Amino acid sequence: MRDADTGAMTTIQHMTHLIPVLSLGLVTFLLAGFVKGVIGLGLPTVAVGLLGLAMPTAEAAALLIVPSLVTNVWQLLAGPRFAALAGRLWPMLLGICVGTWAGSGWLANGGNVAGMALGVALLVYAALGLAAVRLHVPGHWSRATTGALGGGIGAITGLVTAATGVFVIPAVPFLQALDLDRDDLVQALGLSFTVSTLALAAGLAHDGIFHGHAIGVSLLALVPALGGMFLGQWVRTRVSAPVFRRCFFVGLAMLGAELVIQHIR
């Protein structure tokens, strides 16, 4: 009888611990999907940033894999020029894979350093967004020169991904600098994020973090992420996108600052 009571008590304690985690995950992925629905990016950035307040950055990154992959493949396939963009951006995409795998193990073994790196990455991304920094790749540059630059940008993006689980810096500013039209840019972002997600998933699986349990929870996270994305797409037609982007970057800066402060203590 005592063993039964002990088992029941253990189950209750486990459920009591699990409920706040599930609630945080539900709210986080609903919000992350909403942001992506409004501005076309931000799901992994918001998800890893918020979850990183309550769990190791590597575990947070593992939970975003399925929602990030599904929403980015969706974004990628919705565009008109997949083959042309893949042919133009392949050096950057290859660099992303090489950089992410070269840094394999950083998230798993980074501890406070990984959390600190995530906070700094969010602050840098927010600062660039608020400053409306727009770079420009000269149109007269040869395809080989642009490709070499893209390969380097991809490798740096991969290293940042391996350290933080976030894959927006410096890939997003680079893609914006190519002066693609709106539809091509959205599709290029989807292509870049899809490759980054797959490379990150491979690295985390190699480190034993993206395993059966994490895959199951990540699949569950897909539901609120898609729900938030649908809601965000509806809101996008009814609010000012520039105003929302500013609010998004301010919130991101606050989140990054909190992560840095948390990991300094």
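Every chain begins its residue count from 1, and numbering advances along the sequence as written. Thresholds applied to this predicted model are a pLDDT of at least 70 for local features of residues and 80 or more for the giving and counting of side-chain atom pairs; totals over whole chains, interfaces and linings are not thresholded and use all residues. Side-chain descriptors were evaluated using all non-hydrogen atoms of the structure, hydrogens and water having been removed beforehand.

**Side note on the nonpolar core**
To keep it simple, the criterion reads: To define a nonpolar core, start from buried Ala, Val, Leu, Ile, Met, Phe, Trp, Tyr and Cys residues and group those joined through side-chain atoms within 4.5 Å. Type-normalised accessible area, obtained with a 1.4 Å probe on protein chains alone, sets the label of each residue: buried when under 20%, exposed when over 50%, and partly exposed for intermediate values. A helix here means a DSSP run of H or I that spans at least four residues, while a strand means a run of E at least two residues long, and both kinds are numbered starting from the N terminus. Contact definition: two residues touch when any of their heavy atoms are within 4.5 Å.
Core analysis: the biggest nonpolar cluster contains 67 residues, and Phe29, Tyr125, Leu175, Leu204 and Phe248 have the highest contact counts within it. The element that contributes the greatest number of residues to this core is helix H10 (residues 182–206), accounting for 10 residues. Residues contacting Leu204, with those up to four places away along its chain left out, are Ala58, Ala61, Ala62, Ile65, Leu107, Ile209 and Phe210.

**Re the UniProt feature "transmembrane region" (unreviewed entry) in the chain**
Our working rule: UniProt positions are given in the numbering used here, feature names are shortened, and annotations may be inferred rather than shown by experiment.
The sites that UniProt annotates as "transmembrane region" (unreviewed entry) are residues 21–54, 89–108, 114–137, 149–173, 185–205, 212–231 and 243–261. Helix makes up 76% of residues 149–173 and strand 0%, whereas the separation of the span's terminal C-alpha atoms amounts to 13 Å. Taken end to end, residues 212–231 is 100% helix and 0% strand, and its first and last C-alpha atoms sit 30 Å apart.

**Some remarks on the packing of helix H4 (residues 65–77) against H10**
Using the following cut-off: To obtain each axis, a line is fitted to C-alpha atoms, and for helices this fit is confined to the stretch in contact; angles are then taken between N-to-C directions over 0 to 180 degrees. Should an angle fall under 35 degrees it is called roughly parallel, over 145 degrees roughly antiparallel, and 65 to 115 degrees roughly perpendicular, with every other angle called oblique. Should the near helix be turned anticlockwise from the far one by less than a right angle, the crossing is termed left-handed; should it be turned clockwise, right-handed.
Between H4 and H10, the shortest axis-to-axis distance is 8 Å and the interhelical angle comes to 150°. In terms of axis orientation, H4 runs roughly antiparallel to H10. The interaxial crossing formed by H4 with H10 has left-handed handedness. Contact with H4, carried on its side by Ile65, Ser68, Leu69, Asn72, Val73, Gln75 and Leu76, involves Val186, Gln187, Leu189, Gly190, Leu191, Phe193, Thr194, Thr197, Leu198, Leu200, Ala201 and Leu204 of H10 and no other residues of that element.

**Topic: the packing of helix H5 (residues 82–102) against helix H8 (residues 143–164)**
Here is the rule: Residues are grouped as follows: Ala, Val, Leu, Ile, Met, Phe, Trp, Tyr, Cys and Pro are nonpolar; Asp, Glu, Lys and Arg are charged; all remaining types, including Gly, are polar.
The contact between H5 and H8 brings their axes to 6 Å, and the two run at 30°. Here H5 is positioned roughly parallel relative to H8, judged by the angle of their axes. Considering the relative orientation of H5 and H8, their crossing is right-handed. Across the interface between the two elements, Gly87, Arg88, Pro91, Met92, Gly95, Ile96, Gly99, Thr100 and Ala102 from H5 touch Arg143, Gly147, Gly150, Gly151, Gly154, Ala155, Thr157, Gly158, Leu159, Thr161 and Ala162 from H8. Looking at the contact of H5 with H8 residue by residue, the class counts come to seven nonpolar, 11 polar and two charged.

**Quick word on the environment of Ala108**
Summarising the element assignment, Ala108 is placed in helix H6 (residues 106–110). Between the C-alpha atoms of Ala108 and Thr57, which are 51 residues apart in sequence, the distance is 8.3 Å. In this structure Ala108 touches Ala58, Asp207 and Ile209, once residues within four positions along its chain are discounted.

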